[in-house]
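Residues per chain are reported as follows:
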Amino acid sequence: MKKIYFTPGPSELYFTVEDHIKTALKKGVPSISHRSSQFKSIYSETVEGIRQLLNLPENYYIGFTSSANEVWERILQNLVVNKSTHLVNGAFSNKFYEFATLMGKDATKIEADYGQCIDPKTVSLDPDTELLAITHNETSSGANQTLDDIKSLREMYPDQLLALDVVSSAPSYPIDYSMVDTAYFSVQKCFGLPAGLGVWIYNDRCLEKNSQIQKTNSTGTYHRLSHLHEMGLKNQNPETPNVLGIYLLGEVVKDMLRKGQETIWRETQYKSSLLYHNLENHSLFTPFVKKKEWRSNTTLVFECKNPSEVIEKLSEKNMIIGKGYGKYADSQIRIANFPTHSKEQVELLVDILLSLN
Ligand SMILES: *Cc1c(COP(=O)(O)O)cnc(C)c1O
């Protein structure tokens, strides 16, 4: 029997990906030139699809990178001269902060305890902060900053650039991207694709800031924002990109558009409630995030006594879930609830979890 991956990334492939890979091989997609008209139309279809699926405003653009890690570095190189501030509540948000210090920026972190989020009311930015980095969904702890919080931060700080990590939340949440100036994701989480492609969303304020910075500073080489943008307008990347990845993303986005954004949001919510509700009432499991409005609908984290035993028992039934992140490996499990995971699969997972004792 085929395994089902509920791991928080890489995860189960979107259920149409296998067919799209076969078609891509038949069409020779991995061999076409990245300067050909065939590639340019793949590029533009993928970009247009993402714009539609995420409801991106007109003055927002998309660039392809290799990963979200790359986007962290590009944001710091291209949009920050000195000072960035980071809301940190887990491993991923902290990594972005660390990158800023490694790159010699004057970086500040505002930190919440693991499993919590930062209350916007406690945020007070230094006036010379150029960019505020927010993580919508902290995949390591399963804490999810509410969209209302992000909106409040936008209202509090209209002058700063706001960067939003949506790696494990797009397209599963109804995010209004006009709240932020830049956002990014990798494709191996909610999009259910093989890893190796990052998507960087940025608006005209980012382009403006970048052109100011370029007058006095280096902003990098092949993926400096101005160049990535200029090539993007020609439906190309500066380098030979992950052509297969861009093609597959375009196809999955079309499938998701056919399904409908609202259906994806609703099903995410439904499956998440099913998991929290059932496991909360089971003696073995406790949701790690205590405050309900901070509980992630896409990467659910539960405390339990013997995670490796739970993981092992599920694996015997071909269901693969994640262990806790880093030092929480021995006290937590993590369960991904991505668009590819069907209601039936989640119900089956719940049944098996409930049968454990
Ligand atoms: C996985 C993840 C990343 C890193 O993605 P890469 O593709 O490994 O660069 C960043 N942020 C969050 C919230 C993630 O879950």
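Rules behind the numbers
Residues numbered from 1 in each chain as written. Predicted model: local features only at pLDDT ≥ 70, side-chain atom pairs only at ≥ 80, totals over all residues. Heavy atoms only, no water. Helix = DSSP H or I, 4+ residues; strand = E, 2+ residues; numbered from the N terminus. Polar contact = N/O pair within 3.5 Å; in protein donor to acceptor, adjacent residues only side chain to side chain. Phe/Tyr/Trp six-rings, centres within 6.5 Å; stacked < 30°, edge-to-face > 60°. Buried < 20%, exposed > 50% of the residue type's maximum accessible area, 1.4 Å probe, protein only. Core = buried A, V, L, I, M, F, W, Y, C linked by side-chain atoms within 4.5 Å. Contact = heavy atoms within 4.5 Å. 1 Å grid on protein atoms, 1.4 Å probe; cavity = no way out; pocket = protein on both sides within 12 Å on 5 of 7 lines; lining within 4 Å. Points joined across faces, edges and corners; volume = space filled by probe spheres on them. Nonpolar A, V, L, I, M, F, W, Y, C, P; charged D, E, K, R; others polar. Domains from an automatic or database assignment. Buried area = accessible area lost by both parts, 1.4 Å probe. Salt bridge = Lys/Arg side-chain N within 4 Å of Asp/Glu carboxyl O. Pairing = 2+ DSSP bridges. Axes fitted to C-alpha atoms, helices over the stretch in contact; angles between N-to-C directions. Near = heavy atom within 4 Å.

S.K.: Quick one: what's the story with the environment of Tyr157, residue by residue and with numbers?
M.R.: Position of Tyr157 among the secondary structure elements: in the loop between helix 5 (147-156) and strand 8 (161-165). Sequence separation between Tyr157 and Leu125 is 32 residues; the distance between their C-alpha atoms is 8.3 Å. Here the side chain of Tyr157 touches Val123 through a polar contact of 3.3 Å, landing on its backbone oxygen. Only 2.9 Å separates the side chain of Tyr157 from the backbone nitrogen of Leu125, close enough to count as a polar contact.

S.K.: Describe the packing of aromatic side chains, naming the residues involved and giving the relevant values.
M.R.: Working definition: an aromatic ring pair is given by the centre-to-centre distance plus the angle between the planes. Throughout the structure, instances matching the rule amount to 14 aromatic pairs. Seen from their ring centres, Phe39 and Tyr43 are 6.0 Å apart, and the 70° between their planes marks the pair as edge-to-face. Of this pair, Phe39 and Tyr43 are both found in helix 2 (residues 37-53), 4 residues apart, which corresponds to roughly one turn of the helix. With centroids separated by 5.4 Å and ring planes inclined at 90°, the aromatic side chains of Trp72 and Phe99 adopt a geometry described as edge-to-face. In this pair, Trp72 is assigned in helix 3 (residues 68-79) and Phe99 in helix 4 (residues 91-102), connecting sequence segments 27 residues apart.

S.K.: Lay out unusual backbone geometry with the relevant residues and their values.
M.R.: Here the amide bond leading from Gly9 into Pro10 is cis, since omega sits at 0°, within 30 degrees of zero. Secondary-structure assignment places Pro10 in the loop between strand 1 (4-5) and helix 1 (17-27). For the bond running from Ala170 to Pro171, omega is 0°, close enough to zero to count as cis. By the secondary structure assignment, Pro171 is in the loop between strand 8 and strand 9 (182-186). A positive phi angle, near 50°, is found at Asn55, a position not held by glycine. Tracing the backbone shows Asn55 in the loop between helix 2 and strand 2 (60-65). What makes Asn55 partly exposed here is its relative accessible area of 47%. Positive phi, close to 65°, is recorded for Asn318, a residue that is not glycine. Of note, Asn318 is situated in the loop between helix 10 (307-316) and strand 13 (319-320).

S.K.: Kindly report on the nonpolar core, identifying the contributing residues and their values.
M.R.: Counting 53 residues, the largest nonpolar core has Ile50, Phe64, Tyr177, Phe185, Phe191, Ile201 and Leu249 as its most contacted members. Considering each element in turn, this core owes the most residues, 8 residues, to helix 8 (residues 243-259). Leave out the neighbours within four places in its chain, and Phe64 touches Tyr43, Thr46, Val47, Ile50, Leu197, Gly198, Val199, His223, Leu228, Asn237, Ile246 and Leu249. The next biggest cluster of nonpolar side chains, apart from the first, holds 26 residues, and it includes Leu79, Val167, Trp200 and Leu225.

S.K.: Now, about empty space enclosed by the protein: what can you tell me, with residues and values included?
M.R.: Evaluation of the coordinates by the stated rule reveals 2 cavities of 30 Å³ or more. Put simply, the largest cavity is a space of about 60 Å³. Looking at the largest cavity, the residues that line it are Leu53, Leu54, Asn55, Pro171, Tyr173, Pro174, Ile175, Tyr177, Gln261 and Trp265. Looking at the lining of the largest cavity residue by residue, the classes come out as 8 nonpolar, 2 polar and no charged. Estimated volume of the second largest cavity: approximately 30 Å³. In terms of lining, the second largest cavity is formed by Lys259, Ile264, Glu267, Thr268, Lys271 and Pro339. If you tally residues by element for the lining of the second largest cavity, the top one is helix 9 (residues 261-280), at 4 residues.

S.K.: Quick rundown of the domain arrangement of the protein chain? Include the residues and the values.
M.R.: Segmentation of the protein chain into domains returns domain 1 (4-12 + 260-355) and domain 2 (17-257). Each of domain 1 and domain 2 has a C-alpha centre, and these two points are 26 Å apart. The partner domain 2 presents 30 residues to the 26 residues of domain 1 that form the contact. Taking both partners together, domain 1 and domain 2 bury about 2,300 Å²; carbon and sulfur atoms supply 59% of that area. Together, Trp265, Trp294 and Tyr325 form the three largest contributors to the area buried by domain 1 at its contact with domain 2, with a combined 28%. Taken together, domain 1 and domain 2 are joined by 0 salt bridges. Secondary-structure elements contributing two or more residues to the side of domain 1 that touches domain 2 are helix 9, strand 12 (299-303) and strand 15 (332-336). Within the side of domain 1 that touches domain 2, the residues separate by chemical class into 12 nonpolar, 10 polar and 4 charged.

S.K.: Which residues make up the sheet that holds strand 2, and what are the values?
M.R.: Pairing is mixed across the open sheet formed by 7 strands, whose spatial order is 2-10-9-8-5-3-4. Here the strands that pair on one side only, and so sit at the sheet edges, are strand 2 and strand 4 (106-111). Direction aside, the axes of adjacent strands within the sheet are offset by 20° on average. On the sheet, helix 3 packs against strand 2, strand 3 (83-88), strand 5 (131-135), strand 8, strand 9 and strand 10 (198-203) and is oriented at approximately 155° with respect to strand 9.

S.K.: Lay out the site of the ligand in plain terms, naming residues and giving numbers.
M.R.: Every residue near the ligand is listed here: Ser67, Ala68, Asn69, Trp72, Phe92, Asn137, Thr139, Asp165, Val167, Ser186, Gln188 and Lys189. One of the side-chain N or O atoms of Gln188 is found 2.9 Å from an oxygen atom in the ligand. Separating an oxygen atom of the ligand from a side-chain N or O atom of Lys189 is a distance of 2.7 Å. The dominant element in the shell around the ligand, judged by the number of residues it contributes, is helix 3, at 3 residues. Tallied by class, residues from the shell around the ligand come to 4 nonpolar, 6 polar and 2 charged.

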